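Okay, here's what each chain looks like letter by letter:
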Amino acid sequence: MIYISWEETISQISARAKRLSISWNNISILCENNLENILETLISHNPKLVIIDSISVITSSNINSSSWSISQVKEVAEKLVEYWKQHNITVIIIWHITKDWNLAWPKTLEHLVDTVLFFEWERYEEIRILRSLKNRFGSTWEIAIFKMTENWLLDLKNSWLEFISKENDNNTIWSSLSITLEWTRPIVVEIESLTTYTKFWYPKRSARWINPQKLDLIIAVLSKYSKLWLDSYDVYVNIVRGIKVFEPWVDLSIWASIISNKTNKPIPRDTIFIWEISLTWRIKTCFWIEKRIKEAEKLWFKSIVIPDIDIKSKINLVKIKDINDLVKFIIESPKNNN
């Protein structure tokens, strides 16, 4: 392996490697930004893996322009692609992204390479999600989840543990659990709600990590078709640990957490809520419901609340038809009748 860097010196890279306790066996470092010199080094050493950090500072003597220019990036990328295809090796090119999580210009680089990977994270979270924007040899629907520690990135085998609270006392938790899909990877998420009597003329609705318009819609349907009036109540909804959920199939879980807090009835911790809500209070079809149910079966869950559909599971399926069935299920839970 050869690690090529021009932005950092050998001493800087060495200091970081020592801090991370990285073994230097079979790792060589080259501080160079001239493409022709880099290619000569690669041909003479014939490595199996090459890392370019970063392509924005690499320049070719054949192009009369500065680094970062479109012509330089295109020339460097084309020569590197030609090299790794001829020698059948792996080359990792580090490139910058914008604040919108898009590759910085030019698009030419994205078209030339085989795979585009990037890390996504929130400022105050140690969770890192590795996503693929392009993959010529596989699906872009897969993600990898890591946890940033003081020394290293750790691969999270049971990632669902990171997105739910560790509290097990059902008498103090007014939240609900659901299973969302990050592409095709199921993740258990916890949705917590708070309802308080408003002090203003217009009640406040606040949502973190979900679309605020979704919360307005859910409250409107809940107020229209059930006896839980929220016209004079502020409603706050939050997804624990800050994972963003855009898919609609956590709607039922949001409903459940709001109902639980409004009625002061905790939800059993071993229950999962899955499905989408419509404006007619009917509950719509959910994509990949079998995948979500199989994930629940592998974990400790004992019940799944879903609409009345023809599906089988190893664990108990609580089938509901409308909001009132959901309210009844939460209020009449065995733990709430003790």
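Residues numbered from 1 in each chain as written. Predicted model: local features only at pLDDT ≥ 70, side-chain atom pairs only at ≥ 80, totals over all residues. Heavy atoms only, no water.

Undergrad: A description of the sheet that holds strand E4 (residues 90-93) should follow, citing residues and the corresponding values.
TA: Taken in spatial order, the four strands of this open sheet run E2-E1-E3-E4, and their pairing is parallel. The sheet is open, and its two edges are formed by strand E2 (28-30) and E4, each paired on a single side. If you compare each strand with its neighbour and ignore which way they point, the axes differ by 15° on average. The sheet contact formed by strand E3 (residues 49-53) and E4 spans four bridges and is parallel. (Pairing = 2+ DSSP bridges. Helix = DSSP H or I, 4+ residues; strand = E, 2+ residues; numbered from the N terminus. Axes fitted to C-alpha atoms, helices over the stretch in contact; angles between N-to-C directions.)

Undergrad: Go over the packing of helix H6 (residues 251-263) against helix H8 (residues 323-331) with me, naming the residues and quoting the values.
TA: Two elements in contact, H6 and H8, have axes whose closest approach is 10 Å; the angle formed by their N-to-C orientations is 55°. As the angle between them shows, H6 and H8 are arranged oblique. The two elements H6 and H8 meet at a crossing, and its hand is right-handed. Of H8, the residues touching H6 (which contributes Leu252, Trp255, Ala256, Ile259, Ser260 and Thr263) are Ile323, Leu326, Val327, Ile330 and Ile331. (Parallel < 35°, antiparallel > 145°, perpendicular 65-115°, else oblique. Left-handed = near helix turned anticlockwise from the far one by under 90°. Contact = heavy atoms within 4.5 Å.)

Undergrad: Give me helix H7 (residues 289-298): which residues, what numbers.
TA: Looking at H7, one finds that the buried residues are Ile289, Arg292, Ile293, Glu295 and Ala296. Projection of H7 onto a plane perpendicular to its axis shows the buried side chains occupying an angular sector of 155°, all on one side. Projecting away from the buried face of H7 at angles above 90 degrees are the exposed residues Lys294 and Lys298. (Buried < 20%, exposed > 50% of the residue type's maximum accessible area, 1.4 Å probe, protein only. Arc of directions from axis to C-beta.)

Undergrad: Please set out a nonpolar patch on the surface residue by residue, giving values where relevant.
TA: Taken together, Trp141, Trp183, Phe287 and Trp288 make up a surface patch of nonpolar side chains, about 460 Å² in accessible area. Position of tryptophan 288 relative to the elements: it lies in the loop between strand E15 (283-284) and H7. (Patch = residues over 30% accessible without salt bridge, like charges linked within 9 Å, V, L, I, M, F, W, Y side chains within 5 Å. Areas by Shrake-Rupley, 256 points an atom, 1.4 Å probe, with all protein chains shown as cover. Salt bridge = Lys/Arg side-chain N within 4 Å of Asp/Glu carboxyl O.)

Undergrad: With reference to specific residues and values, describe the pattern of salt bridges.
TA: The final tally for this structure, using the stated rule, is six salt bridges. Between glutamate 190 and arginine 269 there is a salt bridge; the shortest N-O distance is 3.3 Å. Taken together, the residues span a long stretch of sequence, with glutamate 190 in strand E10 (residues 185-197) and arginine 269 in the loop between H6 and strand E13 (271-273) at a distance of 79 residues. Judged on exposure class, the residue glutamate 190 and its partner arginine 269 are both buried.

Undergrad: How would you summarise the packing of aromatic side chains if you had to cite specific residues and measurements?
TA: Applying the stated criterion across every chain yields a total of four aromatic pairs. Cation over ring: lysine 262 sits above tyrosine 233, and NZ or CZ is 4.5 Å from the ring centre. (Phe/Tyr/Trp six-rings, centres within 6.5 Å; stacked < 30°, edge-to-face > 60°. Lys NZ or Arg CZ within 6 Å of the ring centre and 35° of its normal.)

Undergrad: How would you explain the environment of isoleucine 4 if you had to name every residue and give the values?
TA: Within the fold, isoleucine 4 resides in strand E1 (residues 2-5). A residue is classified by how much of its surface remains accessible, and isoleucine 4, at 0% relative accessible area, is buried. With 24 residues separating them along the chain, isoleucine 4 and serine 28 place their C-alpha atoms 8.5 Å apart. Excluding its chain neighbours within four sequence positions, the residues that come into contact with isoleucine 4 are Leu30, Glu32, Ile38, Leu42, Val50, Ile51, Ile52 and Asp53.

Undergrad: Could you give me a rundown of the sheet that holds strand E5 (residues 115-120), with the residues and numbers involved?
TA: The strand order E5-E6-E7-E8 describes an open sheet built from four strands, whose pairing is antiparallel. The open sheet has two free edges, formed respectively by E5 and strand E8 (153-155), since each of these has just one partner strand. Neighbour-to-neighbour, the strand axes of the sheet open up by a mean angle of 35°, direction not taken into account. In the sheet, strand E6 (residues 127-135) pairs with strand E7 (residues 144-148) via four bridges, with the strands oriented antiparallel. When the bridges of E7 are listed, isoleucine 127 appears paired with lysine 147.

The values are spatial; any link to function lies outside them.
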